[in-house]
Amino acid sequence: MILHIIEEKAKKLGIRVEWAYKLDQYTPPAASTKYNCIVMNSNWHNQNELVFQLAHEISHIQNGDNCIAFYHASYSSKERMEREANLGAIQLLLPIFRDMGYDNNPVTFMKVFNVPGYLLDNVVKIMKTY
């Protein structure tokens, strides 16, 4: 399971991942750099988004974002921080995608990991560098 692979990656990085089971289906996951911890919503309305969300939150911690950062599937007032977390998530997932035996196809990558469509150009650029 891909989600398990990402959770193991977080563990190797010293990041604790906690799953909340009583949250509303629209409560986004969050990352705390202070506590090196991510809280994921197991009730999220689109379960296919969980892999990218977790990779995104791991990136917030790796980037040292100095706040509790909430995953958003669109741009926010913290656009730069969110953009960097999205790029980090793509970079984190790309080796897993290749290990799964997929061809270097950005559209397939985005479908497998449910990457938001507005990140297509970023996926293409990152794939060219790997």
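Here's a quick rundown of the structure. Residue indices begin from 1 for each chain and proceed along its sequence in written order. In keeping with the model being predicted, local features are shown solely for residues with a pLDDT of at least 70 and side-chain atom pairs are shown and tallied solely at 80 or more, while totals for entire chains, interfaces and linings include all residues. Water and hydrogen atoms play no part in the side-chain values, which are based on all heavy atoms of the structure.

In this section: the overall build of the chain. Across its full length, the chain holds five helices and four strands. Starting at the N terminus and ending at the C terminus, the chain contains elements arranged as α-β-β-β-α-β-α-α-α. Its C-alpha atoms give the chain a radius of gyration of 14 Å, near enough to 14 Å, the size a compact globule of 130 residues would have. If you line up the chain on its principal axes, its C-alpha atoms span 35 × 30 × 30 Å. Evaluated residue by residue, the chain yields a buried proportion of 44% over its 130 residues. The contacts of the chain with a sequence gap of at least 6 include a subset with a gap of at least 24, amounting to 49%. The charge count includes Lys and Arg as positive and Asp and Glu as negative, but it does not include His or the ends of the chains. Lysine's charge is taken at NZ, arginine's at CZ, aspartate's at CG and glutamate's at CD. Looking at the chain, you have 13 positive and 13 negative side-chain charges, and the mean spots of the two groups are 4 Å apart. Under the scheme used here, helices are H or I runs from DSSP no shorter than 4 residues and strands are E runs no shorter than 2 residues, and both carry numbers assigned from the N terminus. To get the radius of gyration, use the C-alpha atoms; to get the globule rule, take the number of residues to the power 0.38 and multiply by 2.2 Å. Per-residue accessibility, obtained with a 1.4 Å probe over protein chains only, is compared with the maximum for each type, and a residue is labelled buried under 20%, exposed over 50%, and partly exposed between these values. Here, two residues are considered to be in contact whenever any of their heavy atoms come within 4.5 Å of each other.

Our focus in this paragraph is the packing of aromatic side chains. Centre-to-centre distance and the angle between the planes together describe a pair of aromatic rings. For Phe, Tyr and Trp, where Trp contributes only its six-membered ring, two rings pair if their centres lie within 6.5 Å, and the inter-plane angle classes them as stacked under 30 degrees, edge-to-face over 60, or tilted in between. Within this structure, the stated rule accounts for four aromatic pairs. On the basis of an interplanar angle of 5° and a centroid distance of 4.8 Å, the ring pair of F97 and Y102 is categorised as stacked. In this structure F97 comes out as buried when scored by relative accessible area, which is 0%. Ring plane angle 85° and centroid distance 5.2 Å describe the contact between F97 and F109, whose orientation is recorded as edge-to-face. You can see F97 sitting in helix α3 (residues 79-99) and its partner F109 sitting in helix α4 (residues 106-113), a full twelve residues away along the chain.

The axes are straight lines fitted to the C-alpha atoms, using for helices just the contacting stretch, and the angles between their N-to-C directions are given from 0 to 180°. Here helix α1 (residues 2-12) crosses helix α2 (residues 50-62) at 10°, and the two axes come no closer than 9 Å. Relative to α2, the element α1 is oriented roughly parallel. Of α2, the residues touching α1 (which contributes I2, L3, I6, E7 and A10) are L50, V51, L54, A55 and I58. Put simply, Ala, Val, Leu, Ile, Met, Phe, Trp, Tyr, Cys and Pro go in the nonpolar bin, Asp, Glu, Lys and Arg in the charged bin, and everything else, Gly too, in the polar bin. A breakdown of the residues in the contact of α1 with α2 according to their chemical character gives nine nonpolar, no polar and one charged. Under this scheme an angle from 65 to 115 degrees is roughly perpendicular, one under 35 degrees roughly parallel, and one over 145 degrees roughly antiparallel; angles in between are oblique.

Among the structural elements, L3 can be located in helix α1. Sequence separation of L3 and F113 is 110 residues, and the distance between their C-alpha atoms is 9.9 Å. Leave out the neighbours within four places in its chain, and L3 touches W19, L50, V51 and L54.

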